[in-house]
Amino acid sequence: MPLSPPAIDGARLLADLHRLRAFGAYRTGVHRPTFSPVDMEARHWLAGRMREAGLAVEIDGIGNVIGRASGDGPRLLLGSHIETQPQAGWLDGALGVIIGLEIARALGGGVDVAAWADEEGHYGSFLGSRSFIGDVTEADIDAARNRYDGIPLREALAAAGLAGRPRAAVEPGRYLGYLEAHIEQGDELEAKGLRIGVVTSIVGIWQYRVTFEGQQNHAGTTRMAIRRDAGAALVRLAAAIERDFPGICDPRSVWTVGRITLDPGAASIIPGGAEMLFQFRDADPEVLARLERRLQELVADANAGPCRAVLHTISRSIPKVMEPRFQDALEGAATRLAPALHQRMPSGAGHDAQQLARVMPAGMLFVPSIGGISHHWSEDTAEPDIVLGCQVMAHAVADLLDA
Ligand code: HGY
Ligand code: MN
Ligand code: MN
Ligand code: MN
């Protein structure tokens, strides 16, 4: 039990979350793409709130906003991300950053806070947290483009006023570890009437772009037998994935064709080009590798047809088990504050914690998502659950710092 349970100011926590929500408000959610003007306004606002909390703040050369507490002694790093998926929710990411800020204020020392850039992968999944752990080179930045509009990352960083700034790097030995509070983004806690999830593991997300090259032509006068229809080739590949993946996956495996583009995209034109964004997830590297092998085989089969298919790998994150000591500390705090209302559970979403877990012990805590909705503007969590999540995290942080 911590000597003095940290005094979380729930009203201040919620006020900051609602203020952050206003940067890029979209219906009841938020549209705050990485390095967009609203995203940079939000980063500068957050930096100001961190300074007011007595943290030494930098916005680094890849857009990470990092607040460091003064003083010596044991220290934990708390954080998450503040950019959002397109037309998405107000809490995905923001919750963990503002909970970290509130705990830094309540404890008055021993807690650094970070808002990692581009966890949502507009330019490259987990860009900011991977940069912090030394996994992003200058060449990677030169090559990166926005996956939606193709804008080069270098150009976006310059427009955001970040060009030439140094990128922050983890200082060896500075932290006992990293902790991230996040919304569950699923419906398990709500369905079971629970209020806190202690995360045991985080899935790997393997993401691809598949392009198809055919022959644009007239939709009315081109006989079926001689067509090179890139759209039809894409549809056949997507159907083959649906046919084969169920037989080779695990019960918790998931896969998604999240975006299809046909070129030129007119009703009376046979598409000469097509592109699909595809990903799959699992907690077991063996299963991820097995799904990738099958995808490669299916793309090879597609090349036996009239169009040319090319598989481009976008990213492959590593599944991670969360630090057992941190799981125990989070469960201990949850038992104190929400007895019988918590469970341990895996994460089907990717998180910056799985990147920090590559260089230090890491842990995660979930609060319920109403209706299990996320990556949608209606994403929401009951305010008492938000405050409880902050209190549980604060107690776990105090316990770990006191240990
Ligand atoms: O998709 C994910 O799991 C993460 O929220 N980007
Ligand atoms: Mn997300
Ligand atoms: Mn997130
Ligand atoms: Mn995530």
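Residues numbered from 1 in each chain as written. Chains lettered and ligands numbered in written order. Predicted model: local features only at pLDDT ≥ 70, side-chain atom pairs only at ≥ 80, totals over all residues. Heavy atoms only, no water.

> Help me out: how do you make sense of the overall build of the protein chain in this one?
Check the secondary structure of the protein chain and you find 12 helices and 17 strands. For 403 residues, the compact-globule formula gives about 22 Å, and the C-alpha radius of gyration of the protein chain, at 22 Å, lands near that figure. If you line up the protein chain on its principal axes, its C-alpha atoms span 80 × 45 × 40 Å. Summarising the internal contacts of the protein chain: among those between residues at least 6 apart in sequence, 79% fall at separations of at least 24. Accessible surface computed for the protein chain: about 16,100 Å², of which carbon and sulfur atoms make up 53%. Charge separation in the protein chain, taken as the distance between the mean sites of 39 positive and 50 negative side-chain charges, equals 4 Å. (Helix = DSSP H or I, 4+ residues; strand = E, 2+ residues; numbered from the N terminus. Rg over C-alpha atoms; globule rule 2.2 N^0.38 Å. Contact = heavy atoms within 4.5 Å. Areas by Shrake-Rupley, 256 points an atom, 1.4 Å probe, with all protein chains shown as cover. Lys, Arg positive; Asp, Glu negative; His and termini not counted. Charge placed at Lys NZ, Arg CZ, Asp CG, Glu CD.)

> Looking at this structure, how should I read the UniProt feature "binding site: Zn(2+) 1" (unreviewed entry) in the protein chain?
The positions that UniProt labels "binding site: Zn(2+) 1" (unreviewed entry) are, in the present scheme, H81, D92 and H182. Across 102 residues in sequence, these annotated residues keep their C-alpha atoms within 9.8 Å of one another, forming a single compact spot. Position of D92 among the secondary structure elements: in the loop between strand 5 (76-81) and helix 3 (94-107). Residue D92 is classed as buried on the basis of its relative accessible area, which comes to 5%. Of the polar contacts made by the side chain of D92, one reaches the side chain of H81; its length is 3.0 Å. (UniProt positions renumbered as here; feature names shortened; annotations may be inferred. Buried < 20%, exposed > 50% of the residue type's maximum accessible area, 1.4 Å probe, protein only. Polar contact = N/O pair within 3.5 Å; in protein donor to acceptor, adjacent residues only side chain to side chain.)

> Sorry if this is basic, but what is going on with the coordination of the manganese ion (ligand 3) here?
Tetrahedral coordination by four donors places them ideally at 109.5 degrees to one another around the metal; octahedral coordination by six donors ideally gives 90 or 180 degrees. Coordination of the manganese ion (ligand 3) by the protein involves H81 (NE2), D92 (OD) and H182 (NE2), with metal-donor separations of 2.0 to 2.3 Å. On the primary sequence, the residues serving as donors to the manganese ion (ligand 3) are separated as H-x10-D-x89-H. Between the manganese ion (ligand 3) and the manganese ion (ligand 2) the interatomic distance comes to 3.5 Å, and D92 is a ligand of both metals. Residue H81 is found in strand 5, and its partner D92 is found in the loop between strand 5 and helix 3; the two are separated by 11 residues along the sequence. Here H81 falls in the buried class, since its relative accessible area comes to 0%. (Donors = N, O, S within 2.8 Å, 3.2 Å for Na, K, Ca; no water.)

> Explain the site of ligand 1 to me, please; I cannot follow it from the model alone.
Close to ligand 1 lie Q85, E119, E120, I205, R281, A349, G350 and H375, which account for all nearby residues. Within the contact set of ligand 1, a nitrogen atom lies 2.7 Å away from a side-chain nitrogen or oxygen of E120. Contact between ligand 1 and R281: an oxygen atom at 2.6 Å from a side-chain N or O atom of the residue. Alone, ligand 1 offers 210 Å² of accessible surface; in the complex the protein occludes 91% of this. (Near = heavy atom within 4 Å.)

> Any chance you could explain the coordination of the manganese ion (ligand 2) here in plain terms?
Ligation of the manganese ion (ligand 2) by protein atoms is provided by D92 (OD), E120 (OE) and H375 (NE2), these donors lying 2.1 Å from the ion. The motif formed by the donor residues of the manganese ion (ligand 2), counted along the single chain, is D-x27-E-x254-H.

> Please clarify how the nonpolar core should be interpreted in this entry.
Across soluble globular proteins, nonpolar side chains show a tendency to be buried alongside one another. Ranked by size, the top nonpolar core spans 71 residues in total, and within it F35, L46, I103 and M393 carry the most contacts. Per element, the largest residue contribution to this core is 11 residues, and it comes from helix 12 (residues 383-402). If we skip the residues at most four places from it in the chain, M393 touches L78, I99, I103, L179, E180, A181, L330 and L365. Core analysis: the second largest hydrophobic core is formed by 26 residues, V210, L237, W255 and V299 among them. (Core = buried A, V, L, I, M, F, W, Y, C linked by side-chain atoms within 4.5 Å.)

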